[in-house]
Amino acid sequence: MLTLDRLKDESLFSPAELGIARYVLAHAKQVIEMTVDELAIATYTSHSAIVRMCKKVGFNGYTDFKIRLATEITTFLINDERIEMDMPVSIDTKTDEIKAIFLNLHYQALIEVYNTLDMTTIQKAADMIYKADFVSFYGAGPSLIVAEDLRYKLARIGILCVDNSLQGFDEVREKKKKRKEVAILVSHYGNSLKVKNWMSYLHAIGVEVIMICANRHSPVIKQADLPILIDNTEVRAFKMGSFASRTAMTYVADCIYALIFMKDYKENIGRLYDVGKRISLGGEYIKKEV
């Protein structure tokens with residue numbers, strides 16, 4: 001989660017710390033040029049209150065806090081506006097503002113996950129998938145779209161994939177013989193009964209689970225064999241759409257795919273060529289028949 005978004009969680013702070021957090025949110029660009037003493041004077045607080053606030057949002061002290069704040073301000077905004085992820089437009093939004101709003105929204109979502117993504121974990125996910133005999137996919141709603149997109153890409157390079165997107169078909173199979181299966185479970189919130197049941201079922205039949213989730217408070221993600229947490233700032237169930245989380249989870253899935261693709265790079269180039277050729281010939285064949 002971005003520092004600016006952590007500062008909005010007023011439940012974290014004492015009254016003095018809350019005043020500092022609000023000041024930083026209102027004057028972020030000025031704060032990165034201020035010393036701790038200058039910020040204390042500007043907020044009518046103390047050096048120790050500022051340090052306590054910094055620690056509550058995940059930093060060792062004011063210097064670390066300023067470095068991260070400066071990085072976020074200078075890299076993740078196309079214009080000087082932070083887009084509200086759950087409801088990016090209002091009743092007063094003008095038509096010609098829409099394209100800039102959604103460009104900024106997706107850009108800030110990508111930069112946020114870029115700055116926090118642990119590539120060691122992504123490499124582990126790629127290795128697990130590559131070594132598996134087959135891979136199954138689980139997701140619902142917008143998360144299913146992310147899972148299906150990854151399934152399609154992996155299938156094109158010869159990874160045996162099982163689609164469990166049809167409700168009711170995900171709980172009837174049993175493995176006839178022991179084969180190495182890895183499941184990819186994609187869920188924004190990771191707290192629904194369906195997701196809990198999926199996780200229990202997969203563990204019961206001995207399947208390792210890679211879970212991509214955008215909710216650090218999910219009770220299920222801790223049960224995954226390899227959890228991939230996207231600390232996303234879409235927090236409300238009532239929202240315009242899962243724009244930022246979908247972009248962030250797709251980015252993570254694409255990174256996993258790229259690492260798998262590189263394991264057999266030349267062969268995969270050939271596979272993609274063959275797939276494209278078959279599709280092209282199939283299209284011509286259909287035209288002739290019609």
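Since this is a predicted model, take the numbers as computed values, not measurements.

1. Quick word on the sheet that holds strand β1 (residues 134–139)
Stage number 1. With respect to topology, five strands assemble into an open sheet ordered β2-β1-β3-β4-β5, the strand pairing being parallel. Of all the strands in the sheet, just β2 (161–163) and β5 (226–229) have a single pairing partner and so form its edges. Each strand of the sheet is rotated relative to its neighbour by a mean of 20°, with strand direction disregarded.
Stage number 2. For strand β4 (residues 208–213) and β5, the ladder comprises four bridges, and the chain directions are parallel. Looking at β5, one finds that Met-211 is bridged to Pro-227.
Stage number 3. Lying on the sheet, helix α9 (residues 142–156) is in contact with β1, β2 and β3 (181–187); it crosses β1 at an angle near 160°.
Stage number 4. Contacting β3, β4 and β5, helix α11 (residues 243–263) crosses the sheet at an angle of about 140° to β4.

2. Brief notes about helix α7 (residues 98–116)
Stage number 1. Here α7 spans 28 Å end to end across 19 residues, near enough to the 27 Å set by a 1.5 Å rise per residue.
Stage number 2. Taken together, the buried positions of α7 are occupied by Ile-101, Phe-102, Asn-104, Leu-105, Gln-108, Ala-109, Ile-111, Glu-112 and Val-113.

3. Quick look at the side chain of His-188
Stage number 1. Along the chain, His-188 turns up in the loop between β3 and α10 (193–204).
Stage number 2. In terms of polar contacts, His-188 uses its side chain to reach the side chain of Ser-245, at 3.4 Å.

4. Digging into the packing of aromatic side chains
Each aromatic ring pair is described using two quantities: the centre-to-centre distance and the angle formed by the ring planes.
Stage number 1. Within the structure shown, the criterion is met by six aromatic pairs.
Stage number 2. Ring plane angle 85° and centroid distance 5.1 Å describe the contact between Phe-102 and Phe-243, whose orientation is recorded as edge-to-face. You can see Phe-102 sitting in helix α7 and its partner Phe-243 sitting in helix α11, a full 141 residues away along the chain.
Stage number 3. Residue Phe-102 is classed as buried on the basis of its relative accessible area of 19%.
Stage number 4. With a relative accessible area of 15%, Phe-243 lands in the buried category.
Stage number 5. Here the aromatic residues Phe-59, Tyr-62 and Phe-65 are joined through ring pairs into a cluster of three or more.
Stage number 6. Directly above the aromatic system of Tyr-130 lies the positively charged group of Lys-263, at a separation of 5.3 Å from the ring centroid.

5. Structural notes on unusual backbone geometry
A negative phi holds for most residues other than glycine; trans holds for most peptide bonds.
Stage number 1. A positive phi is found at Tyr-44, a non-glycine position, where the angle reads about 55°.
Stage number 2. On the secondary structure map, Tyr-44 appears in the loop between α4 (36–43) and α5 (47–56).
Stage number 3. The exposed category is assigned to Tyr-44, whose relative accessible area is 77%.

6. As for a nonpolar patch on the surface
Stage number 1. On the surface, Met-262, Tyr-265 and Ile-269 cluster together to form a nonpolar patch covering roughly 330 Å² of accessible area.
Stage number 2. With respect to the helices and strands, the residue Tyr-265 is situated in helix α12 (residues 265–289).

7. Some points on the pairing of β4
Along any regular strand, the residues point their side chains to alternate faces of the sheet.
Stage number 1. For β4, a buried count of five out of six residues is recorded, marking the element as mostly surrounded by other parts of the structure.
Stage number 2. Two strands pair when backbone bridges link them, and β3 and β4 are joined in this way by six bridges, in the parallel orientation. The residue of β4 that forms the bridge with Val-182 is Glu-208.
Stage number 3. Traced from β3 through α10 to β4, the parallel crossover comes out right-handed.

8. Quick look at the environment of Cys-161
Stage number 1. Within the element layout of this structure, Cys-161 appears in strand β2.
Stage number 2. For the pair Cys-161 and Ala-183, spaced 22 residues apart in sequence, the C-alpha separation works out to 9.6 Å.
Stage number 3. In contact with Cys-161, other than residues within four places in its own chain, are Val-135, Phe-137, Arg-151, Leu-154 and Ala-155.

9. Overview of helix α8 (residues 119–131)
Stage number 1. The first and last C-alpha atoms of α8 sit 18 Å apart over 13 residues, in line with the 18 Å expected at 1.5 Å per residue.
Stage number 2. Among the residues making up α8, those that are buried are Thr-121, Ile-122, Ala-125, Ala-126, Met-128 and Ile-129. Projection of α8 onto a plane perpendicular to its axis shows the buried side chains occupying an angular sector of 160°, all on one side.
Stage number 3. Summarising the contacts, the buried residues of α8 are in contact with β1, α9, β3, β4, β5 and α11.
Stage number 4. The backbone nitrogen of Thr-120 lies 3.1 Å from a side-chain oxygen of the residue at the head of α8, namely Asp-118.

Reading the values: the criteria
Within any chain, residue numbers begin from 1 and follow the written order of that chain's sequence. The model is predicted, so local features are restricted to residues of pLDDT at least 70 and side-chain atom pairs to those at 80 or more, both for listing and for counting; the totals for chains, interfaces and linings are taken over all residues. For the side-chain quantities, the full set of heavy atoms in the structure was used; hydrogens and water were omitted. Paired strands, as defined in this entry, are two strands with at least two bridges between them according to DSSP. Working definition: helices are DSSP H or I runs of at least four residues, strands are E runs of at least two. Numbering for both runs from the N terminus. Working convention: axes come from line fits to C-alpha atoms, limited for helices to the stretch in contact. Angles between N-to-C directions cover 0 to 180 degrees. Every residue pair with non-hydrogen atoms within 4.5 Å of one another is taken to be in contact. How far a helix is expected to stretch is found by multiplying one less than its residue total by 1.5 Å. Any residue under 20% of the maximum accessible area for its type is buried, any over 50% is exposed, and the rest in between are partly exposed; the area is computed with a 1.4 Å probe on protein chains only. Any pair of N or O atoms that falls within 3.5 Å is considered a polar contact. Within protein, one atom must be able to donate a hydrogen and the other to accept it, and sequence-neighbouring residues count only if both atoms are side-chain atoms. In this scheme Phe, Tyr and Trp rings, the latter by its six-membered ring, pair at centre separations within 6.5 Å, and the angle between planes marks the pair as stacked below 30 degrees, edge-to-face above 60, and tilted otherwise. Charges are assigned to positions over rings by a cutoff of 6 Å between ring centre and Lys NZ or Arg CZ, combined with an angular limit of 35 degrees from the ring normal. Each patch is assembled from residues with relative accessible area greater than 30% and no salt bridge, linking like charges that lie within 9 Å and nonpolar side chains (Val, Leu, Ile, Met, Phe, Trp, Tyr) that lie within 5 Å. Note on areas: Shrake-Rupley with a 1.4 Å probe; residue coverage comes only from the protein chains shown. Salt bridge, as used here: a side-chain nitrogen of Lys or Arg that lies within 4 Å of a carboxyl oxygen of Asp or Glu. Consider the strands pointing away from the viewer: the crossover is right-handed when the path from the first strand over the helix to the second runs clockwise. Working note: the arc is built from the helix axis to C-beta atom directions.

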